[in-house]
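Chain by chain, the residues run as shown.
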Amino acid sequence: MLRVRFEPRGDTLEIPGGTRLIDAVREAGLPIASSCGDDLICGKCGVRILSGKVSREKGSEREAKRRNRVPPELRLACALRVHDDLVVTADYWGERQNS
Ligand code: FES
């Protein structure tokens, strides 16, 4: 099992290797933008990898980012499979609210 930590909340999820990152985000209960059915078209699922190894960008991901003007430092969560412990964030994941 691999561990993915989601910042800034700090929630950690254990998942089997090979899980798509976008599925891990959803399983953690965090929002993830997508309007293409996770099909590498919309470019909305960009996340920032803070630590851990991810595969190099393939042409299809690069093209989706280029078409949608996604900042180069973001990776598309629907394109990534988790093969290492990761720390990940997205600009719209806020701190946990104390109630
Ligand atoms: S969900 Fe549309 S590109 Fe990832």
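About the cut-offs
Residues numbered from 1 in each chain as written. Predicted model: local features only at pLDDT ≥ 70, side-chain atom pairs only at ≥ 80, totals over all residues. Heavy atoms only, no water. Helix = DSSP H or I, 4+ residues; strand = E, 2+ residues; numbered from the N terminus. Buried < 20%, exposed > 50% of the residue type's maximum accessible area, 1.4 Å probe, protein only. Polar contact = N/O pair within 3.5 Å; in protein donor to acceptor, adjacent residues only side chain to side chain. Contact = heavy atoms within 4.5 Å. Pairing = 2+ DSSP bridges.

Q: Please clarify how the side chain of Thr 19 should be interpreted in this entry.
A: Structurally, Thr 19 can be placed in the loop between strand S2 (11–15) and helix H1 (21–27). The class of Thr 19 is buried, set by a relative accessible area of 17%. Within the structure, the side chain of Thr 19 is placed 2.7 Å from the backbone oxygen of Pro 16, a separation counted as a polar contact. Setting aside residues no more than four positions away along its own chain, Thr 19 makes contact with Ala 24, Leu 80, Arg 81 and Val 82.

Q: Is there a simple way to think about the sheet that holds S2 in this case?
A: Adjacent strands of a sheet form backbone hydrogen bonds with each other and so pair up, either parallel or antiparallel. Strand order in this open sheet of five strands is S2-S1-S5-S3-S4, and the pairing throughout is mixed. At either end of the open sheet lies a strand with only one pairing partner, and these are S2 and strand S4 (75–76). Bridge analysis of strand S3 (residues 46–51) against S4 gives two bridges, and the strand direction is antiparallel. Bridge pairing in S4 places Gly 46 opposite Leu 76.

Q: Just checking my understanding: could you explain unusual backbone geometry for this structure?
A: Cis geometry is found at the peptide bond from Glu 7 to Pro 8, where omega equals 5°. If you trace the backbone, Pro 8 turns up in the loop between strand S1 (2–7) and S2. Although it is not a glycine, Arg 69 sits at a positive phi angle of roughly 50°. Checked against the element boundaries, Arg 69 lands in the loop between helix H2 (59–67) and S4. Of the residues examined, Arg 69 reaches a relative accessible area of 75% and is grouped as exposed.

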